[in-house]
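What follows is each chain in one-letter form.
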Amino acid sequence: MALNLFEEKGCPLDRQRFTWKELVQTPISKLDDDAFTRVRIILMNGIEMEALRFSHSCARMNQALQLPLAQLRRVEQHQATMVNGLLGADHSTLETTIGYEQVAIEVTAVVAQNEPDEYLAQVYRFGMLEDFDHLYRYSALLDRLEGKDANNITQCYTDIVPGRPTGVEHRAPQDDLREHYDRSRAAPISKMNALTILSGEQQTHNFYMNVGPLYADPVARQLYAEIASIEEQHVTQYESIIDPNETWMEKWLLHEANEVYNYYGCVQQESNSRVKAIWERCLDYELGHLNVVMDLFKQYERRDPAEILPQTLPEPIHYESQREFVRRVLSQEVDLRALGKQFVDKSREGPESQEYRAHMNSGGSPTQTVAAGYQWSPGTELARGTEYTGDMEATRDSKSARNTEFIR
Amino acid sequence: MEKSTALGTNRTGIDMSPVDVKKMLALTNVTPPSSNGDERAIAEMRSRHIADASVIGSVPPPGSLKGVASTAMQKLTGKNPEAFIDKLGCRLAFERAGVRLYDALIVKASSIPGAPSEIPLDTLRKFRNEELRHFRLLEGAIRSIGADPTTQTPSADVDGMASLGLMQVLTDPRTSLSHCLEAILIAELADNDAWQLLIQLAAKMGMDDMARDFETALQEEDVHLAHIRQWFKESVLDDAAVAA
C-alpha cells in the first residue's frame, strides 16, 4: 500500500530517543544474511550521512534554521550510527568495499531503469558501468591480497568482470559536470533518484578516503587512491544533476522525503526481521522529520509542500539482481566517454580528459596492476590451481609499462 | 563444552545459487581480463616500494649512550644493544597485550551459559596475572640496561599489527569460546617461541641473571600453552561429537 506523505504523521520529534545500547545492536551475519540486507544497510548509512552533510551546510547559510536543523540532525546522527553498526567486524575492509560496489551497481541499475528522464537515465548508466569495473578491480585485490572470494559477499547476484576500465574513467573536471533537472518540471522520482545516488557515491568516496591509508600494502593504498578519485568525480557528476535553483527549504524537504522513500523500500523488502524492525523505526522517525520540515516550509516559504512533494511516494527501489540490464548496458555503452555534459563515443573524447588521464597514468595504473590477467573464479583464482614457479618472483628492475598501453 | 558450530543458511558459497553461478561463469569465460599479465604485476609494484621504503621506526639510545653508565650496559659493549632492546620491548608489549587478551577470554568463558567446567576461571585468572608479572619483569629488565620501558619499539609495533585480529576475535560477542581459544593459542604459540629466543639472546648478550629470570617466565608460558592447546582440542572434538 502506498504511503501518503501528507497523512502519515510518524513519530513526533520529541519522542525520538535512543540509548547507547540501541545504537550498537547485534550486527547482521556476513555469512547467513542475504547480500541485499547488507546492500540496504550500506545505502541507508549513505542516505543518513548525506542528511548530516546537507544539514551542516544548510545551517552555515541559514541562521534562522539552525535550531530545527540541529534538533533533527541529532536524530539523524543516531540513526546513522545504528544503521552502520549493523555491519559486523568480521567483514574485512576490503569485503565491506565489495559490498559498497555492489550497492553502487545494483541500486544505480534500478534507478537508471526507474528514471523517466532519458538524459538522467544515461547519466546513471554511465556511472554504473564505472562502479561495475571497480567491483572487478577490488575483487582482484581481495583475491590476491587476502586470498578471499568476492562472491562470498556478492552471493552470485552481481557479475565480476571488467566494465569501463577504471584507467579511462579519469576525466578533466569539465567533463564530469552534467545538465541538471528542472526543479519545476522534474518528476518526484527524478529528485529521489538523484539524492539517493549522490548519497551512496558520497559515502563511498568518504569511505575510500578514510580506509585506503589503513592498508600496509602500497598496492592496496594505490588502488584505493585511484578509485577514490573516480568516486570524487561521481559525486561531482551526481550533485550537478540536482537543480541548484532549489531553495534551501526545498532541498531540506526533498532530503527528508528521500529518507522516507528509501526507508519505506527497505521496510517492504527486508528479509531479516530484526533489521526490518530498525527500518520501521527509522521510517516512523523520518515521517516525523518530514512533518516538521513541511511546517517550516509553510512558515518560511509561504508555500504548500504539495508543490514540491507528491501525495504518494514513487515505486521503491527493487532490491534484486539487475544482471541482465547491467549486461545489456555493458555491451552497448562501455565505449562511451563524456565530452562536456554529453556522452560520446570514445573516438570523440576531448583532449583535456585524455591529457589529464595520460599524466595520471604515466607512472602506471594501480587498477591495471591489481587486475593484470584477472578472471574471477569460484573459490578465488587459486582454485584453478596455479603452482608457484620461480618466474613468478618480481625482479627489482622490472617495469610496469606493459600494463599501461590501453590508457593512453 | 558448548556446541559452537551451527547448521544454517550460509549464503556465501556458489551451491546456494546454482543457476546464477552458471550465468556468472558463462560471462566470465568469454570476457578476457582487461589487461594481460598476472599477479606478478602486484609483486613488481610491491618490490619497487620495498626498495624505496624507509624503516618503520627506531630504538632510542639506551641510557649509557646518553652518559648513564651501568654494569649491565658495560656487558653490551661491542654488541648491538638496540637489537636487544627492540626484542625486550617487543616481549613487554606482547605480555601487556596478553593481559588484555586473557581479560577478554575470561569474560567470554564466564558469560557463556553453562560455562564449561573443563576451563576453570581461576586458572584463566592465574594465567592472566602471570602475563602481568611477565610484563613487569620485562619493565625491570629494560630499566636495568638504562633503556625506557615505555618506548614502543619497532618489533613491538609490528607485533601489535600482527595481533590486531586476535583481539577482534576475542571481543566479538558472536565468537564462540572455541574460536577464542584458537586465537589465544596463536598468541601462546608465538609467545612461547619468542621467550625461548629471548632467553638465548639475553644469554649471548651476557645477561645471565636476566636469562635465568626469563626461564621462570618460560616455564609458566609452557603451562599456558599446554592448557590452551588441550582445551582447544577438546572443544573441537566435542563440537564434532567425537571426543573420547
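All values derive from a computational prediction rather than experimental measurement. (Residues numbered from 1 in each chain as written. Chains lettered and ligands numbered in written order. Predicted model: local features only at pLDDT ≥ 70, side-chain atom pairs only at ≥ 80, totals over all residues. Heavy atoms only, no water.)

A. Quick peek at the packing of helix H2 (residues 35–61) of chain A against helix H9 (residues 248–269) of chain A. All names here are of chain A. One can describe the packing of H2 onto H9 by two numbers: an axis separation of 11 Å at closest approach and a directional angle of 165 degrees. With respect to H9, the element H2 is oriented roughly antiparallel. The way H2 lies across H9 gives a crossing that is left-handed. Of the residues in H9, those touching H2 at Arg40, Leu43, Met44, Ile47, Glu48, Glu50, Ala51, Phe54, Ser57, Cys58 and Met61 are Trp248, Lys251, Trp252, His255, Asn258, Glu259, Asn262, Tyr263, Cys266 and Gln269. Of the residues assigned to the contact of H2 with H9, the class counts are 11 nonpolar, five polar and five charged. (Axes fitted to C-alpha atoms, helices over the stretch in contact; angles between N-to-C directions. Helix = DSSP H or I, 4+ residues; strand = E, 2+ residues; numbered from the N terminus. Parallel < 35°, antiparallel > 145°, perpendicular 65-115°, else oblique. Left-handed = near helix turned anticlockwise from the far one by under 90°. Contact = heavy atoms within 4.5 Å. Nonpolar A, V, L, I, M, F, W, Y, C, P; charged D, E, K, R; others polar.)

B. Here's a closer look at the pattern of salt bridges. All names here are of chain A. On inspection of all chains with the given rule, the structure shows 36 salt bridges over all chains. Across the pair Glu333 and Arg125 runs a salt bridge, and its minimum N-O distance is 2.9 Å. Here Glu333 is found in helix H11 (residues 323–333), whereas its partner Arg125 is found in helix H5 (residues 118–146), with 208 residues between them in sequence. Among the ionic pairs, Arg183 bridges to Glu250, the shortest N-O distance being 2.8 Å. Linking Arg183 in the loop between helix H6 (151–154) and helix H7 (188–211) with Glu250 in helix H9, this pair joins segments that are 67 residues apart in sequence. With a relative accessible area of 28%, Arg183 lands in the partly exposed category. Owing to a relative accessible area of 2%, Glu250 belongs among the buried residues under this scheme. A single network of salt bridges, built from pairs that share partners, joins Arg183, Glu250, Glu301, Arg303 and Glu307. (Salt bridge = Lys/Arg side-chain N within 4 Å of Asp/Glu carboxyl O. Buried < 20%, exposed > 50% of the residue type's maximum accessible area, 1.4 Å probe, protein only.)

C. Quick peek at the layout of surface pockets. When its volume is computed, the largest pocket comes out at roughly 1,400 Å³. Forming the boundary of the largest pocket are 45 residues, of which A:Lys30, A:Ala89, A:Asp90, A:His91 and B:Val169 lie nearest the centre. At six residues, helix H6 (residues 154–171) of chain B tops the list of elements feeding residues into the lining of the largest pocket. Counted by class, the lining of the largest pocket contains 16 nonpolar, 17 polar and 12 charged residues. (1 Å grid on protein atoms, 1.4 Å probe; cavity = no way out; pocket = protein on both sides within 12 Å on 5 of 7 lines; lining within 4 Å. Points joined across faces, edges and corners; volume = space filled by probe spheres on them.)

D. Just the interface of chain B and chain A, in detail. The interface is formed by 35 residues belonging to chain B together with 55 residues belonging to chain A. Note on chain B versus chain A: buried area summed over both sides is about 4,100 Å², and carbon and sulfur give 57% of it. Counting the surface chain B buries against chain A, the share from its top three residues, B:Arg11, B:Met24 and B:Arg174, is 16%. Summed over the shared surface of chain B and chain A, the number is four salt bridges. Elements represented by at least two residues in the side of chain B that touches chain A include exactly helix H1 (18–30), helix H2 (40–52) and H6 of chain B. Top element by residues in the side of chain B that touches chain A is H2(B). It accounts for 10 residues. Here the residues of the side of chain B that touches chain A sort into 12 nonpolar, 13 polar and 10 charged. (Buried area = accessible area lost by both parts, 1.4 Å probe.)

E. Looking closely at the packing of aromatic side chains. Residues and elements named next belong to chain A. Counted according to the given criterion, the structure contains 18 aromatic pairs over all chains. With a centroid separation of 4.4 Å and 20 degrees between ring planes, the pair formed by Tyr100 and Phe207 is classed as stacked. Residue Tyr100 is located in helix H4 (residues 93–114), and its partner Phe207 is located in helix H7; the two are separated by 107 residues in the primary sequence. For the pair Tyr100 and Phe207, one class covers both residues: buried. (Phe/Tyr/Trp six-rings, centres within 6.5 Å; stacked < 30°, edge-to-face > 60°.)

F. Representation of the environment of B:Arg229 within the structure. Residues and elements named next belong to chain B. Positionally, Arg229 belongs in helix H8 (residues 208–239). Residues Arg229 and Asp15, 214 residues apart in the sequence, show an inter-C-alpha distance of 34 Å. Excluding anything up to four places from it in sequence, Arg229 contacts Leu185 and Leu189.

G. View of the nonpolar core. Of all hydrophobic cores here, the largest spans 121 residues; its most connected members are A:Val107, A:Tyr124, A:Trp252, A:Trp279 and A:Leu309. Top contributing element to this core by residue count: H5(A), with 14 residues. Other than its neighbours up to four places away in sequence, A:Trp252 contacts A:Phe54, A:Leu65, A:Pro68, A:Leu69, A:Leu72, A:Val293 and A:Leu296. B:Val59, B:Phe84, B:Leu198 and B:Ala217 belong to the second-largest nonpolar core, a separate cluster that totals 25 residues. (Core = buried A, V, L, I, M, F, W, Y, C linked by side-chain atoms within 4.5 Å.)

H. Structural detail: a nonpolar patch on the surface. Residues and elements named next belong to chain B. Judged by side-chain polarity, Ile56, Val158 and Met161 come together as a nonpolar surface patch covering roughly 280 Å² of accessible area. Along the chain, the position of Met161 falls in helix H6. The exposure class of Met161 is partly exposed, given its relative accessible area of 47%. (Patch = residues over 30% accessible without salt bridge, like charges linked within 9 Å, V, L, I, M, F, W, Y side chains within 5 Å. Areas by Shrake-Rupley, 256 points an atom, 1.4 Å probe, with all protein chains shown as cover.)

I. Structural view of the packing of H5(A) against helix H8 (residues 218–240) of chain A. All names here are of chain A. The geometry of H5 relative to H8 is characterised by a closest axis approach of 11 Å and an angle of 165 degrees between their N-to-C directions. By the angle class used here, H5 and H8 are roughly antiparallel. Between H5 and H8 lies a crossing of left-handed hand. Across from Val123, Tyr124, Phe126, Gly127, Met128, Glu130, Asp131, His134, Arg137, Tyr138, Leu141 and Leu145 in H5, the residues of H8 making contact are Val219, Ala220, Leu223, Tyr224, Ile227, Ile230, Glu231, His234, Gln237 and Tyr238. Its residues assigned to classes, the contact of H5 with H8 shows 14 nonpolar, four polar and four charged.

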